[in-house]
Amino acid sequence: MVRGLYAAATGMINQMRRLDKVANNIANVNTRGFKRDQVVSRAFDEELLSRVDKGQAPLNRHIGTINHGVYVDRVVTSFDQGSLQETGETTHVAIKGAGFFVILTEDGERYTRDGGFVLDNQGRLVTVDGWPVAGEMGPIFVGTQDFVIDSEGNVTVNGVYVDRLRLVNFQDLQALRKVGHNLYINPDPENNPAIEFEGEVVQGFVESSNVDVVRETVDMITALRNYESNQKVIKMIDGVLSKTVNELGRV
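Residues numbered from 1 in each chain as written. Predicted model: local features only at pLDDT ≥ 70, side-chain atom pairs only at ≥ 80, totals over all residues. Heavy atoms only, no water.

### Examining the overall build of the protein chain
Basically, it comes down to this: Working definition: helices are DSSP H or I runs of at least four residues, strands are E runs of at least two. Numbering for both runs from the N terminus. Type-normalised accessible area, obtained with a 1.4 Å probe on protein chains alone, sets the label of each residue: buried when under 20%, exposed when over 50%, and partly exposed for intermediate values. What makes two residues a contact is simply this: any of their non-hydrogen atoms within 4.5 Å. Accessible surface is estimated by sampling points in the Shrake-Rupley manner with a 1.4 Å probe; for residues, cover comes only from the protein chains shown.
Check the secondary structure of the protein chain and you find two helices and 21 strands. Residues counted as buried form 34% of the 251 residues belonging to the protein chain. Long-range contacts, defined as pairs at least 24 residues apart, comprise 65% of the intrachain contacts of the protein chain with a sequence gap of at least 6. Accessible area for the protein chain stands at about 14900 Å²; split by element, carbon and sulfur atoms hold 50% of it.

Below, the structure written as structure tokens:
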């Protein structure tokens with residue numbers, strides 16, 4: 001019976017983690033280029049129970065198996081394409097297809113799908129947090145004049161080539177890790193090297209998040225109901241144990 005308490009408790013913890021991710025997805029429904037996360041749960045390994053009689057194992061000694069609950073195995077990010085929204089801003093760029101922009105931060109290169117860039121006071125193309133967008137020759141300087149970015153990421157000012165956006169993709173997208181500010185890091189570049197970008201760049205557009213509010217709401221309701229079910233199981237077991245201690249203990 002005590003094992004049932006632990007199993008139900010693991011179920012509650014699992015649903016709490018699931019609710020955390022659903023809430024984060026909903027909170028970022030309007031975040032440009034955001035990719036939804038999903039919790040993947042897994043059951044603990046089952047154990048085989050056997051009956052032993054006075055140190056001797058009977059012929060039909062196997063009783064069955066017992067499970068110890070579930071746990072969060074991993075968090076999977078969905079990199080499905082978000083819809084493209086036209087803004088008309090020359091500094092806004094979206095990626096159609098797989099790939100990432102390269103951002104130069106104080107901690108090294110980071111990657112993002114958020115192309116809502118701006119110009120800083122030096123005329124560089126930067127993120128809203130002020131980090132430079134990487135080109136093939138370093139930060140991209142376009143000055144204060146209008147510029148054009150073609151479908152391959154080439155940047156021209158008044159018809160003169162300036163630089164090309166650094167655009168990358170990866171063999172294993174699930175190996176990337178979110179580090180905040182809508183950025184990703186590739187923690188193991190040796191085993192997950194960057195591969196050739198095969199997408200398309202669209203200027204004057206931004207990519208919206210791929211969060212489906214209706215789907216997330218359904219997931220939230222399901223997680224809440226599962227949480228409540230495990231909670232009821234714990235209350236029931238606690239009541240039985242309490243009755244056992246208080247009443248049978250008097251006999």
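### Some thoughts on a nonpolar patch on the surface
As a reminder, the rule being used: Residues enter a patch when their relative accessible area is above 30% and they make no salt bridge; the linking distance is 9 Å between like charges and 5 Å between nonpolar side chains (Val, Leu, Ile, Met, Phe, Trp, Tyr). Put simply, a salt bridge is a Lys or Arg side-chain nitrogen that is within 4 Å of an Asp or Glu carboxyl oxygen.
A cluster of nonpolar side chains, Val233, Met236 and Val240, forms an exposed patch at the surface whose accessible area comes to about 240 Å². Tracing the chain through its elements places Val240 in helix H2 (residues 213-247).

### Things to note about the sheet that holds strand E15 (residues 160-164)
The condition is simple: Strands pair, by our definition, only if DSSP identifies at least two bridges between them. For helices, the axis comes from a line fit to the C-alpha atoms of the stretch in contact; other axes are also lines fit to C-alpha atoms, and the angle between any two N-to-C directions lies between 0 and 180 degrees.
In spatial order, the strands read E13-E14-E15; together these three strands make up an open sheet with antiparallel pairing. Each edge of the sheet is formed by a strand with only one pairing partner; in this case those strands are strand E13 (147-149) and E15. Between one strand axis and the next, the sheet turns through 25° on average, direction left out of account. Direction of pairing for E13 relative to strand E14 (residues 154-157): antiparallel, over a ladder of three bridges. The residue of E14 that forms the bridge with Ile149 is Val155.

### A short note on the pattern of salt bridges
Applying the stated rule across the entire model yields ten salt bridges. One salt bridge connects Glu136 with Arg164, and the closest N-O pair in it is separated by 3.4 Å. In this pair, Glu136 is assigned in the loop between strand E11 (134-135) and strand E12 (138-139) and Arg164 in strand E15, connecting sequence segments 28 residues apart. Accessibility expressed as a relative area gives 48% for Glu136, which makes it partly exposed. The structure contains a network of salt bridges with shared partners spanning Lys35, Arg113 and Glu207.

### Some thoughts on the packing of aromatic side chains
Applied cut-off: Any two of the Phe, Tyr and Trp rings considered here, Trp counted by its six-membered ring, make a pair once their centres fall within 6.5 Å; the pair's planes then place it as stacked at under 30 degrees, edge-to-face at over 60, or tilted in between.
This structure, assessed with the given rule, holds six aromatic pairs. With centroids separated by 5.9 Å and ring planes inclined at 80°, the aromatic side chains of Phe79 and Phe100 adopt a geometry described as edge-to-face. Taken together, the positions of Phe79 in the loop between strand E4 (70-77) and strand E5 (84-86) and Phe100 in strand E7 (residues 100-105) put the pair 21 residues apart, joining distant regions of the chain. The burial state of Phe79 is the same as that of Phe100; both residues are buried. Aromatic pair Phe100 and Tyr184: ring centres 5.7 Å apart, planes at 65°, arrangement edge-to-face.

### Overview of the environment of Val126
By the secondary structure assignment, Val126 is in strand E10 (residues 125-126). Judged by relative accessible area, Val126 falls into the buried class, the value being 2%. The spacing of Val126 and Leu104 is 22 residues in sequence and 9.1 Å in space, taken between C-alpha atoms. Setting aside chain neighbours within four positions, we find Val126 in contact with Phe117, Val118, Leu119, Asp120, Trp131, Pro132 and Val133.

### Considerations on the nonpolar core
The line we're drawing: Nine residue types can take part in a nonpolar core, namely buried Ala, Val, Leu, Ile, Met, Phe, Trp, Tyr and Cys, and a core is a set of them joined through side-chain atoms within 4.5 Å.
Formed by 18 residues in total, the largest nonpolar core has its most connected members in Phe101 and Leu165. Only strand E6 (93-96), E7, E13 and E14 provide two or more residues apiece to this core. Core analysis: the next-biggest nonpolar cluster, separate from the first, contains nine residues, Phe79, Tyr111, Ala134 and Tyr184 among them.

### Thoughts on the side chain of Thr112
You can see Thr112 is positioned in strand E8 (residues 108-112). In this structure Thr112 comes out as buried when scored by relative accessible area, which is 2%.

### Description of the side chain of Ser208
We apply this condition: Within 3.5 Å is the distance limit for a polar contact, defined as a pair of N or O atoms, with the added protein rule that one can donate a hydrogen and the other accept it, and that residues adjacent in sequence qualify only through two side-chain atoms.
Assignment of secondary structure puts Ser208 in the loop between strand E21 (205-207) and H2. A distance of 2.7 Å separates polar atoms of two side chains, one belonging to Ser208 and the other to Ser83. With sequence-adjacent residues up to four places away left out, Ser208 is seen in contact with Thr31, Gly33, Gly82, Ser83 and Gln85.

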